Each structure stands twice: as C-alpha cells, then as structure tokens.
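# Observations on the model geometry
Spelled out from the first residue to the last, the chains are:
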Amino acid sequence: ALYLSQARYGNSEGQTRIHKFALGSGKPAYRGSADLMGYLWNRGQVDFRLSEKDDMLRVVTTLYTGDSSDIRDHQLTILQEASNDLRLEQISVLPNKNRPAEIGKPNEDLYGVRFLDDRLYLVSFEQIDPLYVLDLTNPADPYMAGELEIPGFSDFLHPVNNNLLLGVGQSAQNQGLVKLSLFNVTDISNPSELTTLLLGKEDSWNYSEAQYNRHAFTYLQQADGSDRLTVPVQSSYNSEENGYVNENRLYLMEINGKENAAAASLDLIGDIIASPAPNENWYGGQHRSVIHDDAVYFLSGDYIWSALWTAPSQQTGPQ
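Quick look at the structure, then. This one's a predicted model, so the numbers in the text were calculated from it and none came from an experiment.

Thresholds, definitions, all that
- Residues numbered from 1 in each chain as written.
- Predicted model: local features only at pLDDT ≥ 70, side-chain atom pairs only at ≥ 80, totals over all residues.
- Heavy atoms only, no water.
- Core = buried A, V, L, I, M, F, W, Y, C linked by side-chain atoms within 4.5 Å.
- Buried < 20%, exposed > 50% of the residue type's maximum accessible area, 1.4 Å probe, protein only.
- Contact = heavy atoms within 4.5 Å.
- Pairing = 2+ DSSP bridges.
- Helix = DSSP H or I, 4+ residues; strand = E, 2+ residues; numbered from the N terminus.
- Axes fitted to C-alpha atoms, helices over the stretch in contact; angles between N-to-C directions.
- Phe/Tyr/Trp six-rings, centres within 6.5 Å; stacked < 30°, edge-to-face > 60°.
- Lys NZ or Arg CZ within 6 Å of the ring centre and 35° of its normal.
- Salt bridge = Lys/Arg side-chain N within 4 Å of Asp/Glu carboxyl O.
- Polar contact = N/O pair within 3.5 Å; in protein donor to acceptor, adjacent residues only side chain to side chain.

## A short note on the nonpolar core
Leu180, Phe217, Leu229, Met253 and Leu266 are the most contacted members of the largest nonpolar core, which has 24 residues in total. Apart from the residues lying within four places of it in its own chain, the contact partners of phenylalanine 217 are Phe156, His158, Leu166, Val168, Ala210, Leu229, Thr230 and Val231. Membership of the second largest hydrophobic core comes to 15 residues, among which are Tyr121, Ala145, Ile150 and Ile188.

This is the structure we're talking about:
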C-alpha cells in the first residue's frame, strides 16, 4: 500500500488526513481515508512515525494543546480498512480512558520514533531523555510496557536486532557533543543503556546529519557477528591559529557481542577527517559514507576521502 499524509489546519490541535492506496496489478486503487488529531511533522525523520503491519497502519502524531504548562501531547493511533465502505477506521488510540498515561512528560517534544514488528520505541525530551517502549502485540490494546530516563536525547533510532537498539542524538551532560547510545531492550518492561560514545570536539558546536537524515548513517552487518557503522560529525569552533573552523569527521564504530545483549559493546575504531577541504563553505555540504569490505569512503561536500577500516588514520584524499 501507499499512504499519503495531509496536514489540515483550522483548529488549535490540528489534524492529519491519511489516504491509503492499494498497490498491485494495474493502477493504484483508493482504499479509504481517516482524520487523526495532531500532526506528523516535527523533529527528526517524520516518515518513521508511520508503520504498516498485517494491513494495519500505526501512526504517531503530536497535538498542540494551547496549554502553556503542557503545550504538546503525543498519540498513537492504529487504523485498518473498514469492511463496508472506503474508510480507514480506528482500531485503537493511546492514551485512552483505560490507559490514560501520557506519552512523554509535560512539554516534552518527540524526537526519535521507530516501529519494529510489535514494538514502538519513542524518545521525548525537554531536560531528561525518556526512552519509551510500547507493546503493540494486541492492536486493539497497545500499552506502554517500559521506560528509561537518561540525560540527552536520540533523534534517530536504529534496531540492531530484537534485543538491541541504537540511538543517535545529543548529550545533555557534555553540551554540544553527539551521543550514541546502545540500549538493551530484551526485557521491554525494563530497558537499559549498555554503553555510550560521545563524538565531536569539546567546547565546540557539534551535530551529525544522521540525526535528521538516515542517508548519512551507514550500517553493515558482518559475517563474524560484529556490525560496522559510520556516523559523520561536523564540529565548529574558534581557533587562535585559524579563526572560525568547521571540521568534518566520519567516525567508525563496531557493535560486538550482540548475540548476548547484556554483554554487547559499542566500540570506537577511529575516524576519517575531511581535511584539508578545498573550497569548503561554512556548511560543508552533505555527508555520506560507503563501507566496502575493509575500505571506507567518506563523501564530504564535493570531495571523497578514503581509508581502510583497520587503519582509519592512514587516509587518502581529497579526490
């Protein structure tokens, strides 16, 4: 199926209209629509707020309440095709009268969202980063199974396997550093943070394009059970020698021991620095990477740097 979303304005909370088209032989066929409270757009990668499973659509929206003490609420809605007309009918919504607990604390924005089979992972943030795990096993009665409160937040969530979850975001304790967190979600009622890595340069402004664009995040499973991943980080700071500096690096990391979630580790291998960068502007352009066997290629702006995974400091470029 193909789903289209349409923001609809006119009331304080806002609405989103969802249209469903069946795909198959011949032209797409219209199957129905539904109006949901709230909007899809906000921080992060918005299309992760929708997920289809077993012909049911799961959607996370954000409602603006107009209440300064709690300006936004977040809602999960599960839809399926109506049996007697062209309509998407509501199977369930969370929160509801039987499960009234809000998703997120008052005034918290929604950052990372990721559906994985019968689970929904959510990260909200204002001062503390709660990771919520929702159980969607029964679509008629989804519920919040567990939560974890830690400093910082994750914009982008990536499932490593059924028991491990990776988050890419920002650190709160070390302001301005990019934070990678590896979570153990084996017991969804009691998720835990196994380990973290802080990327970037201290006393500077750091961000990763992977927080907002999954194409900047590269992940490769290995036959030996370890996984390789790369995340670009741009650091901006003032230097006595060179004035205002933009520095683009590609960090190389591994997840090891993932077969035993409690003992899994997130390990920093090294980095490739896009320097010197010819004709670089203040932004530096897009950042992409490719892992091919032991070779790593880092595209920063219009130029490519490369190195071997086993020796990232011995880089070549720009080309």
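Back to the write-up after that little detour.
## Looking at the sheet that holds strand β23 (residues 303-308)
The strand order across the open sheet formed by 4 strands is β21-β22-β23-β24, and the pairing between neighbours is antiparallel. Either end of the sheet is taken by a strand with one partner, and the two such strands are β21 (287-292) and β24 (311-316). Strand-to-strand twist in this sheet, taken as the mean axis angle between neighbours without regard to direction, amounts to 25°. Both strand β22 (residues 295-300) and β23 contribute to a ladder of 6 bridges, which runs antiparallel. Residue phenylalanine 298 lies in a different strand from β23, and its bridge partner there is tryptophan 305.

## Things to note about the pairing of strand β13 (residues 164-170)
Every other side chain in a regular strand lies on the same face of the sheet, so the side chains alternate between the two faces. Across the 7 residues that make up β13, a large majority, 7, are buried. Taking the residues between adjacent antiparallel strands as the criterion, strand β12 (residues 153-159) and β13 are bridged by 4 residues. Relative to strand β14 (residues 178-184), β13 runs antiparallel, the two sharing 7 bridges. Following the sheet pairing, glycine 169 is matched in β14 by lysine 179.

## Brief notes about the packing of aromatic side chains
Per the counting criterion, the structure on display carries 8 aromatic pairs. An angle of 35° between the planes, with centres 6.3 Å apart, marks the rings of phenylalanine 48 and phenylalanine 156 as tilted. Of this pair, phenylalanine 48 sits in the loop between β3 (29-37) and β4 (50-53) while phenylalanine 156 sits in strand β12; the two residues are 108 residues apart in sequence, bridging distant segments of the chain. Among the residues examined, phenylalanine 48 registers a relative accessible area of 16% and is labelled buried. You can call phenylalanine 156 buried: its relative accessible area is 3%. In this structure an aromatic cluster arises from ring pairing among Phe48, Phe156, Phe217 and Tyr219. In this structure, lysine 201 is placed above the aromatic ring of tyrosine 237, and the distance from its NZ or CZ to the ring centre is 4.9 Å. Over the ring of phenylalanine 48 we find arginine 214, and its NZ or CZ is 4.4 Å from the ring centre.

## Describing the pattern of salt bridges
Taken as a whole, this structure holds 18 salt bridges when the rule is applied. In this structure, the salt-bridge partner of aspartate 117 is lysine 53, at a minimum N-O distance of 3.6 Å. Placement of aspartate 117 in the loop between β8 (109-116) and β9 (119-125) and of lysine 53 in strand β4 is noted, with a sequence separation of 64 residues between them. Exposure remark for aspartate 117: the relative accessible area of 47% places this residue in the partly exposed category.

## Let's talk about the sheet that holds strand β2 (residues 15-22)
The strands that make up a sheet pair up through hydrogen bonds in the backbone, lying either parallel or antiparallel. Spatial strand order, β1-β2-β3: 3 strands in an open sheet with antiparallel pairing. Pairing within the sheet leaves two strands with one partner each, and these edge strands are β1 (2-8) and β3. Averaged over all pairs of adjacent strands, the angle between strand axes in this sheet comes to 20°, irrespective of strand direction. Bridge count between β1 and β2: 7 bridges; the pairing is antiparallel. Across the sheet, tyrosine 3 pairs through a bridge with lysine 20, a residue of β2.

## A word on the environment of asparagine 213
Following the sequence through the fold, asparagine 213 ends up in the loop between β16 (205-207) and β17 (218-221). In this structure the C-alpha to C-alpha distance between asparagine 213 and serine 181, which are 32 residues apart in sequence, comes to 18 Å. Those residues within four positions of asparagine 213 in sequence are excluded, and the remaining contacts are Gln45 and Arg288. Engagement of the side chain of asparagine 213 in a polar contact is seen with the backbone nitrogen of histidine 215, the distance being 2.9 Å.

## Concerning unusual backbone geometry
Cis rather than trans, the peptide bond between leucine 94 and proline 95 has omega equal to 5°. Turning to its location among the elements, proline 95 is positioned in the loop between β7 (88-94) and β8. Each neighbour pair has its own omega, and for glycine 317 with proline 318 the value is 5°, a cis peptide bond. Relative to the assigned elements, proline 318 resides in the segment after β24. Backbone geometry at asparagine 107 places phi at a positive 70°, although glycine is not the residue there. Residue asparagine 107 is classed as buried on the basis of its relative accessible area, which comes to 17%. Look at aspartate 203: it is not a glycine, yet its phi comes out positive at around 60°. Along the chain, aspartate 203 falls in the loop between β15 (192-199) and β16.

## Description of the side chain of serine 124
Within the element layout of this structure, serine 124 appears in strand β9. At 2.7 Å, the side chain of serine 124 forms a polar contact with the side chain of glutamate 108.

Geometry only, nothing functional implied.
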